[in-house]
Amino acid sequence: MILADLSPETYRKATEYLAALDPDWSRHIAATGPCLHQATPGREPYEALVRAIAYQQLHARAAEAILGRLLALFPESAFPTAEQLLTVSPQILRACGFSANKLATIQGIAQARLEGLVPTREEALTMADEALIERLVALRGVGRWTVEMLLIYSLERSDILPVDDFGVREGYRRLKGLDKAPTPAQMRSLGGAWRPFRTVAAWYLWRA
């Protein structure tokens, strides 16, 4: 089993490691304070993916309203199972606020959960980061960034750097006082120096 490895001790080690890299990291970490990253470790990958799709390209408040309408359809459940989701008509789900594309994606995620392509949390905990990314990006509408958020928040992995995330790249630009943010490829190369604490590095870059 690949154990979840985000803990207060990991945060402490990561903060010390990153602060020792150079004066820019040291100043930024001193100004920001301790890492206060908050994971959501109880969530099944299926639920985490559906929630992530709901939030894509939307303001958080709008996404929460859509999710709230979805959850209201299932008052007996904390979150609808894949079977429950697939029994609801597309018209009712569209009325919750999902676009046609997002609706097709979340229905595809639910179907993939039934078929075992989307793993249970127990199975996901045994999988390497890249193996899980490779499996889930095969789903319609699920990109690498979405799976990386699942790894960071639901599976508590400590060494994930979402290089496609604008906030991470812009954070690095500000940290270093650059004219423009690095490309994803440049970010991936730069992030090699932050192993094995790239999740914590991303958290600090988001706050830059």
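Residues numbered from 1 in each chain as written. Predicted model: local features only at pLDDT ≥ 70, side-chain atom pairs only at ≥ 80, totals over all residues. Heavy atoms only, no water.

Looking at an unreviewed UniProt entry, one finds the protein chain named DNA-3-methyladenine glycosylase and attributed to Pseudomonas fortuita.

## What to know about the overall build of the protein chain
A count of helical and extended segments in the protein chain gives 13 helices and zero strands. Shown N-terminal to C-terminal, the secondary structure of the protein chain runs as helices and strands in the order α-α-α-α-α-α-α-α-α-α-α-α-α. By the compact-globule yardstick of 17 Å for 208 residues, the protein chain fits well, its C-alpha radius of gyration being 18 Å. For the protein chain, the proportion of its 208 residues judged to be buried stands at 43%. Intrachain contacts of the protein chain at a sequence separation of at least 6 include 64% that bridge at least 24 residues. When the accessible surface of the protein chain is summed, it comes to about 10400 Å², and 54% of that surface belongs to carbon and sulfur atoms. (Helix = DSSP H or I, 4+ residues; strand = E, 2+ residues; numbered from the N terminus. Rg over C-alpha atoms; globule rule 2.2 N^0.38 Å. Buried < 20%, exposed > 50% of the residue type's maximum accessible area, 1.4 Å probe, protein only. Contact = heavy atoms within 4.5 Å. Areas by Shrake-Rupley, 256 points an atom, 1.4 Å probe, with all protein chains shown as cover.)

## A look at the environment of Leu175
Assignment of secondary structure puts Leu175 in helix α11 (residues 166-176). Here the alpha-carbon distance between Leu175 and Tyr204, two residues 29 residues apart in the chain, equals 9.7 Å. Discounting residues that sit within four places of it in the chain, Leu175 has contacts with Asp24, Trp25, His28 and Leu205.

## What to know about the layout of surface pockets
Reported here for the largest pocket is a volume of approximately 490 Å³. In terms of lining residues, the largest pocket is bounded by 13 residues, among which Ala52, Tyr55, Trp145, Met149 and Tyr153 are the most central. Sort the elements by how many residues they give to the lining of the largest pocket and helix α10 (residues 144-154) lands first, with six residues. Residue composition of the lining of the largest pocket, by class: seven nonpolar, four polar and two charged. If you add up the space inside the second largest pocket, you get close to 190 Å³. Contributing elements (two or more residues each) for the lining of the second largest pocket: α9 (129-136) and α10. In terms of residue count, α9 provides more of the lining of the second largest pocket than any other element does, three residues in total. Here the lining of the second largest pocket is built from residues that sort into four nonpolar, no polar and eight charged. (1 Å grid on protein atoms, 1.4 Å probe; cavity = no way out; pocket = protein on both sides within 12 Å on 5 of 7 lines; lining within 4 Å. Points joined across faces, edges and corners; volume = space filled by probe spheres on them. Nonpolar A, V, L, I, M, F, W, Y, C, P; charged D, E, K, R; others polar.)

## With respect to the side chain of Arg198
With respect to the element layout, Arg198 can be found in helix α13 (residues 198-206). For Arg198, a relative accessible area of 13% puts it in the buried group.

## A short note on α9
Turning to α9, its buried residues are Leu132, Ile133 and Leu136. Down the axis of α9, the smallest arc covering the buried residues is 100°, so these residues share one side. (Arc of directions from axis to C-beta.)

## Considerations on the nonpolar core
The biggest cluster of nonpolar side chains holds 38 residues, and the ones touching the most others in it are Tyr46, Leu70, Phe98, Ile109, Val118, Leu132 and Leu136. Of all the secondary-structure elements, those providing two or more residues to this core are α3 (45-55), α4 (60-72), α5 (82-87), α6 (90-96), α7 (100-114), α9 and α10. Per-element accounting of this core gives the leading share, six residues, to α3. If sequence neighbours within four positions are ignored, Leu136 has contacts with Leu49, Leu117, Val118, Pro119, Val142, Val147 and Leu150. Formed by 21 residues, the second largest nonpolar core is a distinct cluster that contains Ala14, Phe197, Val200 and Tyr204. (Core = buried A, V, L, I, M, F, W, Y, C linked by side-chain atoms within 4.5 Å.)

## Observations regarding the packing of aromatic side chains
One pass over the full model with this rule turns up five aromatic pairs. Judged by centre distance (4.9 Å) and plane angle (90°), the ring pair of Trp203 and Tyr204 falls under edge-to-face. (Phe/Tyr/Trp six-rings, centres within 6.5 Å; stacked < 30°, edge-to-face > 60°.)

## Some points on unusual backbone geometry
Residue Pro196 is reached from Arg195 by a cis peptide bond, and omega for that bond is 0°. By secondary structure assignment, the location of Pro196 is in the loop between α12 (184-191) and α13. For Gln57, which is not a glycine, the phi torsion comes out positive at approximately 60°. Inspection of the secondary structure assignment puts Gln57 in the loop between α3 and α4. Classification of Gln57 as exposed rests on a relative accessible area of 82%. Located in the positive-phi region is Glu156, a residue other than glycine, with phi close to 55°.

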